[in-house]
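What follows is each chain in one-letter form.
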Amino acid sequence: MGSVELDPKPARRRWRLHQSALVVLWVVMSMMIWVGLYWYIRRQSIRNVEEGLVSMCEERARMLQDRFAVSVNHVHALAILVSTFHYQKEPAALDQETFADYTARTAFERPLLNGVAYAQRVVHTQRELFEMQQGWVIRTMKREPSPIQDEYAPVIYSQETVSYIEALDMMSGEEDRENILRARATGKAVLTSPFRLLGSNHLGVVLTFPVYREDLAPDVTEEERIEATAGYLGGAFDVESLVENLLSQLAGNPEIIVKVYDVTNASEPLIMYGPDLPDGFPSPSHTSMLDFGDPFRKHNMVCRYSKEPDVPVSALTTASGVFVICMLVGYIVYAAWNRYDNVKEDCRKMEELKKQAEAADVAKSQFLATVSHEIRTPMNGVLGMLDMLLDTKLNSTQQDYAQTAQVCGKTLISLINEVLDRAKIEAGKLELESVPFDLRSILDEVISLSYSKSREKCIELAVYVSDGVPEVLLGDPGRFRQIITNLVGNSIKFTERGHIFVQVHLADHSNLVVEQKPEPRLNGHNDDSIPTAPVSANADFDTLSGYETADKRNTWENFNKFLSLSSHSTQNGSTHNSNSESVTLVVSVEDTGTGIPLHAQSRVFTPFMQADSSTSRNYGGTGIGLSISKCLVELMGGQIWFVSRPGVGSTFTFTAVFQRCERNGAVEMKKDTLDILPSCFRGFHAILVDERPVRAVVTKYHLQRLGISVETVGNIDLGIAALTAEKGRLLSGTKRQCIFLVETDSCSSKNESYSQDQILEGSCNGCKLHLPNLFLLATSELEKERFPGFSDNAFIMKPLKASTVAACLQLALGVVSQNANEDGSNTEGPSSLRSLLVGKKILVVDDNKVNLRVAAGTLKKYGAEVQCVESGKDALALLQVPHKFDACFMDVQMPEMDGFEATRQIRLMEKKANEKVKAGEHGTEDEMAGMDWHLPILAMTADVIQATHEECIKCGMDGYVSKPFEEKQLHQAVAKLWASANS
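So, how was this worked out
- Residues numbered from 1 in each chain as written.
- Predicted model: local features only at pLDDT ≥ 70, side-chain atom pairs only at ≥ 80, totals over all residues.
- Heavy atoms only, no water.
- UniProt positions renumbered as here; feature names shortened; annotations may be inferred.
- Helix = DSSP H or I, 4+ residues; strand = E, 2+ residues; numbered from the N terminus.
- Buried < 20%, exposed > 50% of the residue type's maximum accessible area, 1.4 Å probe, protein only.
- Contact = heavy atoms within 4.5 Å.
- Areas by Shrake-Rupley, 256 points an atom, 1.4 Å probe, with all protein chains shown as cover.
- Pairing = 2+ DSSP bridges.
- Axes fitted to C-alpha atoms, helices over the stretch in contact; angles between N-to-C directions.
- Salt bridge = Lys/Arg side-chain N within 4 Å of Asp/Glu carboxyl O.
- Phe/Tyr/Trp six-rings, centres within 6.5 Å; stacked < 30°, edge-to-face > 60°.
- Lys NZ or Arg CZ within 6 Å of the ring centre and 35° of its normal.

For the protein, an unreviewed UniProt entry supplies the name histidine kinase and the organism Rhynchospora pubera. Under the Function (unreviewed entry) heading, UniProt states for the protein: "Cytokinin receptor related to bacterial two-component regulators. Functions as a histidine kinase and transmits the stress signal to a downstream MAPK cascade."

Draft legend 1. Layout of the overall build of the protein. From N to C terminus, the protein includes 25 helices and 31 strands. A total of 983 residues make up the protein; the buried ones form 45% of that total. Considering only contacts within the protein whose residues lie at least 6 apart along the sequence, 74% involve residues at least 24 apart. Of the roughly 51000 Å² of accessible surface on the protein, a fraction of 54% belongs to carbon and sulfur atoms.

Draft legend 2. Inspection of the sheet that holds strand S29 (residues 887–891) at higher detail. Strand order in the open sheet made by the five strands is S28-S27-S29-S30-S31, with parallel pairing throughout. Edge positions in the open sheet fall to strand S28 (865–869) and strand S31 (959–962), since each of these has one partner strand only. Neighbour to neighbour, the strand axes of the sheet diverge by 20° on average, direction disregarded. Of the strand pairs in this sheet, strand S27 (residues 841–845) and S28 are connected by five bridges, and their pairing is parallel. The partner of Ile-842 across the bridge, within S28, is Val-866. Sitting on the sheet, helix H23 (residues 899–919) touches S29 and strand S30 (937–941), and the angle it makes with S29 is about 150°.

Draft legend 3. View of the pattern of salt bridges. In total, this model carries 23 salt bridges according to the counting rule given. A salt bridge links Glu-743 to Lys-798, with the shortest nitrogen-to-oxygen separation between them at 2.6 Å. Residue Glu-743 is located in strand S22 (residues 738–743), and its partner Lys-798 is located in the loop between strand S26 (795–797) and helix H19 (802–813); the two are separated by 55 residues in the primary sequence. By the burial criterion, Glu-743 is buried, and Lys-798 matches it. Counted as one network, the salt bridges with shared partners bring together Glu-460, Asp-690, Arg-695, Glu-743, Asp-745 and Lys-798.

Draft legend 4. Highlighting the packing of aromatic side chains. Evaluated as defined, the whole model comprises 18 aromatic pairs. Taken together, a centroid distance of 5.6 Å and an interplanar angle of 75° make the contact between Tyr-38 and Trp-39 edge-to-face. Judged by its relative accessible area of 12%, Tyr-38 falls in the buried class. Directly above the ring of Tyr-152 sits Arg-127, whose terminal nitrogen or CZ lies 4.8 Å from the centroid. Over the face of the ring belonging to Phe-885 we find Lys-841, whose NZ or CZ atom lies 5.3 Å from the ring centre.

The following block contains the structure:
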């Protein structure tokens, strides 16, 4: 049946309808947002206005209370004055004239009072006598004679402004009577209800204070207060003037209306100040309570705006702006949604391309793994057979052919390893190990690998490590060795004269010594206008060989500063940041080669890229080494850069971060990272003759590693002088053996020949001096011809490393080594490997007959008894418990049953056998009784992918060795295999 295609038009029409509905809905929502935002902003504005009104109203109420309280205090003080001078003085010191004069002169203290008056308390029995003394009759408020009552309160003293109330009885009014009685009972000021004041016609209140004949205690009773009352002091307050005075002094908002009420009767409040407003006035208001000191009377202040606040402009502008934004957002969404279908199709295509790229990446990894395995498998046979061939009797020509083929095979394996490393780095699957290692031993190994080429070219190859660098570090020694090997290999490849110098310093020291930035040509960023430096035929620079170097910072002056810092750190027993767990090293590889052309410097670290096509033809290589080195340096937490000058040379520098490791961590170090030096030279003294200070420091470094103290001089004459001084110390009783070392190019011109007598016998103050322990430091075999009188043992050939120097000195001086290497416990040579394998019965499993012969031949070479099978099933048949095998070398990839599955089956059989032994199902006579079965299994794999190694361990194997394997690699794997078996 054919596929039915759906018509997309109805779906598009439905989509258009949905779009229209969504547009209308969005517009409605935008309008709702506009309305909601407008009302929200307006409400916030009104709330802010109300908060401002509350603040201003509370401020005015507080100030009004303070002003009123000040006036009340003045009235209270006047009451105390009347009590003191009228009643407590005999005779009375106060009369109407004095009172009127005093109150008139102190009226400025009471600006809010119309006047004050004093009314004396008179009981009815004393009325007649009182009226005779005063000369007038007590009258009521209506100015009529006061009727008979229990007591009276006629005014006897008054301020001139209220003199019209003199002789009036203050208790003739009902409200006044209640206020007077309440004041004398409480002892506090009391207020009347508001009324119109005479004269000003303003609303006011009367404040009444009781006057006592004597001071009363705070805890007196009400009856005692009444009994002690002598009269009453009153004052009339002008409330309207008080509020107006207050408002005039405030820089307030004239739009605020203030009203003051007496709300003692809440149902009928009495207005004390303020204009009348129409009912339903829309302006917001706020009420603040007032406390005038009378708890019986209650007052408040009402504040409001004179008109309703305006609508804020921000409410309209903000809401409109948000509306416009919403519409713009809707338009953008609408436009974006219209392109959704196209983008969706593009995403689908991109997803397909992504899957294809991921599949290609997986295929590439699988291809590399497969190619690696398929190439390594026959190469294992080629190299293995060549190794076995070299162990037979061959003539010189045959041996040369076989060795050449072996070198070519190893080069091919090295190339495969580099390509796989690059692939693992790109896939992010390259992991660094963290083990203790001796950095100085690693550098010595690199020197050993490169010494033959450096001698052929007659170039100096030297290594120097600062004293401050720890002896044992924690990191990946293999990858560190790979970086140094790549850089040194490139330097040797492109250097025809001069030197190659490897330096290692602490980053802290490097920062202290070199503060200036590198020269322009750093990592390819250069100025093409700078001319290429010509090569000097007669080199004369303070460098290792005397030739000029690319990096001007690597001078003898800076190098000497490194020495000073290292020496100071060593003497103090610490280095910079010694408390830190990490150590950052700066490693530089300096050469005086051809340099890198300016146009090629920007792509130095690009994989498979070289300066030009002629580079590969002239020097060989694939251009991948520096790329891998850069990736490894970055994995170590560092950076790599270079300075190169065409015709002068190149200096590659990188940093790497390692962890500190205690000295006892050396016990756990891999044997290939440890080089134990002999201790038989401790106490020796050496006099070194070298005209080049940098080279002298390098030689001194290697000698001091052997425990030899070194004295350096610049020429033969100074050396003979130092030798004479040393002879004097020997004659005085100092016992130490002295050796005399001379650099060959320090003996005047290189075209002259020197005999042994010319150097050994020098004149010093007319005396002949003979010294047999003399050694010459030579770079090549050709230099021996200039010194015909010396034996081969008197020459120490470069490049120098501590172990070769020790071997030369032992051979020439006949010194016996006293270190642990004598018993062979720390060696990895054939005898050590033989001691591990001799007499062992080993089963080798491999489906490739050539590889089977290579593995069997290698193991038999070291004394093992070998039995071979070609499949995993055959191995299972031979390894049925009990068996007599000591170990099994298992290939990983085999037909029918691979090495992983075979190992799982073997472990399963061993587990069942061990369970039976624990359960006691085997008798004491049974050979399985008391045994714990675990056969050491070593994987032989041509894959160097990390996943393969992990699978080996996961399935129960005890270790692995990659094909083709070498003697050192086999020794490490077997030693680890026996160690795990014994544990």
